[in-house]
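# Examining the three-dimensional arrangement
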Amino acid sequence: MTIVAGVDFGTLSVRVTLVDSEKGPIGTASASYPLHRNREDPNFATQSHEDQMAALAAATRDALKSTGVDGDAVAAIALDTTGSSVIVVGEGLEPLDEYYLWCDHRAHAEAAEITAKAHATGFEGIDWCGGVYSHEWGFSKLLHWLRHNPEKRSHFVTALENCDMVAATLAGIRTVSELKRSVCAMGHKWMWNPKWGGLPPEEFLVAVDPLFAGVRAKLGGEYLTSDHLAGRLSPKWAEALGLRAGIPIPVGAFDAHWDALGSNIREGDAVNVVGTSTCIIAMARKAELVPGVCGVVPGSVHPAYTGIEAGLSATGDIFDAVARRAQTTVAALSEGLDSYKAGQTGLLRLSWDNGDRTVLVNPELGGVTLGWNLVHTAQDELFAAIEGTAFHTRIILERMAEHGVRIDRVINAGGIPQKSEVLNRVYANVLNKPVLVPAGIPTSLGSGIMALLAAGAYKTIEEAQAAVCLPLRTVEPDPKAAAVYEQLYRLYRDVYFALGLRDAEPVALGRVLPELRRIAAEVRRPD
């Protein structure tokens with residue numbers, strides 16, 4: 001028997017799960033930290049590294065206390081984080097600022113410049129991230145920081161993804177040369193790929209902006225998949241966490257990628273990690289480029305496969321916004337939603353409230369709801385928002401399938417599917433295929449699996465998954481509801497591309513509102 005700690009840093013809290021190599025998860029604890037927003041700039045979202053580390057210490061000690069496990073018995077610790085969440089550091093890898101969190105969208109102008117220059121110069125890396133470099137990603141955020149912090153530039157030593165920064169802190173690493181960087185993070189968000197020698201060439205970066213001069217060399221360290229070690233737990237942080245010094249820390253990754261591992265992903269699966277946003281994760285032995293999809297990166301999910309990532313910029317955040325405007329909570333507003341029928345509201349809602357991550361990769365889009373009348377309620381909008389995120393997910397899965405990504409099963413992971421059977425039912429009906437849901441929250445279980453490998457408890461990810469992953473239950477589609485959603489999806493698809501693309505081909509949208517009313521009337525008609 002081996003016990004390890006799996007850590008998941010989310011947007012608002014960190015979760016620590018103790019995993020037994022034979023029993024699976026045996027206990028969990030979490031601790032929150034603030035997200036810093038700016039009412040004057042809705043694109044602003046930062047977080048303190050110190051706040052994150054203090055929360056990690058508190059959650060780890062709480063997990064040990066609640067389970068009665070002796071900290072000396074924990075054999076390894078592994079962690080995943082949000083991303084691209086970027087921190088700029090100076091000497092000793094001390095932060096010069098807070099993290100530009102994944103949901104910080106200030107760098108949209110920088111992203112557009114990187115995209116334009118990549119296409120103008122023929123840099124191959126742009127094709128591997130779907131043809132558009134995102135405002136949510138590393139180089140965009142670093143360039144924004146360099147432009148807006150001239151007084152700090154001289155102190156800039158390097159920039160790190162959240163997962164690499166936390167691992168380095170825990171291991172007591174203080175220099176760039178000692179750093180181990182995550183292939184998952186750097187491949188999906190920094191255009192790193194061994195195909196062109198790692199990071200984008202210096203001449204390309206300088207062509208984007210001379211402020212990038214020398215930055216490529218500063219992003220040093222060893223780039224590794226997560227079957228390698230980032231370091232070992234330092235005495236300082238062993239004491240803070242209540243663990244034993246010297247235990248292994250594998251190279252970290254993004255939360256969605258390891259949530260997929262914890263959901264028992266295999267080739268042919270698409271895992272929807274549904275939380276504040278949605279990350280859609282798949283993997284394949286061989287994969288081609290997928291236009292509009294965030295990244296195709298060898299080794300990013302499973303070291304032996306190519307990882308494919310896509311997603312929605314907001315999901316749970318949209319549900320929260322609907323409830324907040326109604327001065328209530330999502331839980332309260334959800335009461336009675338299980339009686340709603342497919343399409344009954346007559347509303348068609350596009351999930352662009354925080355821009356479009358995939359497949360349009362456009363931060364300038366905003367939420368759209370069609371079909372309002374004078375008696376619609378906030379609950380109607382919430383149901384339409386759930387339907388809209390399901391339609392958007394179908395857009396993405398169809399794009400992936402068109403480009404050779406095999407999708408045999410759909411797994412709804414993340415926190416929201418555990419709380420909303422309505423969402424699972426809508427997704428099954430919109431996709432018109434069974435949706436599998438873990439029998440419990442798999443968050444931080446993927447970290448536990450990688451910690452078990454680092455501790456030597458298992459030789460392969462598949463062995464660890466078989467031992468500790470939660471069983472999956474199946475939500476079957478309803479043929480009648482699926483038929484209604486097939487009609488609505490055709491409308492959604494037309495509106496999505498007509499409003500989402502500046503150069504969209506002309507399409508007649510005059511039928512959309514009458515069709516929404518017709519479908520709603522038919523659905524509400526007594527059988």
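The coordinates are above.
Because the structure is predicted, anything quoted here is derived from the model rather than measured.

### Some remarks on the overall build of the protein chain
Looking only at helices and strands, the protein chain features 19 helices and 23 strands. The principal-axis extents of the C-alpha atoms in the protein chain amount to approximately 70 × 55 × 45 Å. A total of 527 residues make up the protein chain; the buried ones form 60% of that total. Across the protein chain, every contact between residues at least 6 apart in sequence was considered, and the portion connecting residues at least 24 apart equals 72%.

### Considering the sheet that holds strand β2 (residues 13–20)
On the basis of which strands lie adjacent, the open sheet formed by 5 strands has the order β3-β2-β1-β6-β14 and mixed pairing. The open sheet has two edge strands, β3 (24–32) and β14 (253–254), and neither has a second partner. Here helix α16 (residues 445–455) sits on the sheet and contacts β1 (3–9), β2, β3 and β6 (74–81); the angle it forms with β6, its principal contact strand, is near 135 degrees.

### Concerning the pattern of salt bridges
On inspection of all chains with the given rule, the structure shows 23 salt bridges. Here K195 and E124 are joined by a salt bridge, their closest N and O atoms 2.4 Å apart. One end of the pair, K195, is in the loop between α6 (183–189) and α7 (202–208); the other, E124, is in the loop between α2 (108–121) and α3 (125–128), with 71 residues separating them in the sequence. With a relative accessible area of 29%, E124 lands in the partly exposed category. Here the residues in one salt-bridge network are E110, E113, R147 and D209, joined through shared partners.

### Brief notes about the side chain of R409
Tracing the backbone shows R409 in strand β21 (residues 409–413). A polar contact of 2.8 Å, which involves the side chain of R409, links it to the side chain of D269. Those residues in contact with R409 that sit more than four places away from it in its chain are N264, R266, G268, D269, A270, L436 and L472.

### A look at the packing of aromatic side chains
Applying the stated criterion across every chain, the model contains 16 aromatic pairs. A centroid spacing of 5.5 Å and a plane angle of 10 degrees characterise the contact between W192 and Y223, whose relative ring orientation is stacked. Taken as a pair, W192 in the loop between α6 and α7 and Y223 in strand β11 (residues 222–224) lie far apart in primary sequence, 31 residues in all. The class of W192 is buried, set by a relative accessible area of 15%. A network of ring pairs unites the aromatic residues W352, F391, Y485, Y489, Y492, Y496 and F497 as a single cluster. In this structure, R106 packs its charged tip against the face of Y100, placed 4.3 Å from the ring centre. Seen from the ring of Y489, R394 lies directly overhead, with NZ or CZ sitting 3.9 Å from the centre.

The rules behind the values
Within each chain, residue numbers correspond to sequence positions counted from 1 in written order. At least 70 in pLDDT is required for a residue's local features to be given in this predicted model, at least 80 for side-chain atom pairs to be given and counted, and no such filter applies to totals for whole chains, interfaces and linings, which use all residues. The basis for every side-chain value is the complete set of heavy atoms in the structure, and neither hydrogens nor water enter the calculation. Numbering of helices and strands runs from the N terminus, with a helix taken as a DSSP run of H or I at least four residues long and a strand as a DSSP run of E at least two residues long. Any residue under 20% of the maximum accessible area for its type is buried, any over 50% is exposed, and the rest in between are partly exposed; the area is computed with a 1.4 Å probe on protein chains only. Residues count as neighbours in contact if any of their non-hydrogen atoms are within 4.5 Å of one another. The criterion for strand pairing is that DSSP finds at least two bridges linking the strands in question. To obtain each axis, a line is fitted to C-alpha atoms, and for helices this fit is confined to the stretch in contact; angles are then taken between N-to-C directions over 0 to 180 degrees. Any carboxyl oxygen of Asp or Glu that lies within 4 Å of a side-chain nitrogen of Lys or Arg is treated as forming a salt bridge with it. Under this definition, polar contacts are N or O atom pairs within 3.5 Å; protein pairs additionally need one hydrogen-donor-capable and one acceptor-capable atom, and for neighbouring residues in sequence, both atoms have to be side-chain atoms. Put simply, two rings from Phe, Tyr or Trp (the six-membered ring, in Trp's case) pair if the centres are within 6.5 Å, and we call them stacked under 30 degrees between planes, edge-to-face over 60, tilted for the rest. Geometrically, a charge over a ring is one whose NZ (Lys) or CZ (Arg) sits within 6 Å of the ring centre while staying within 35 degrees of the ring normal.

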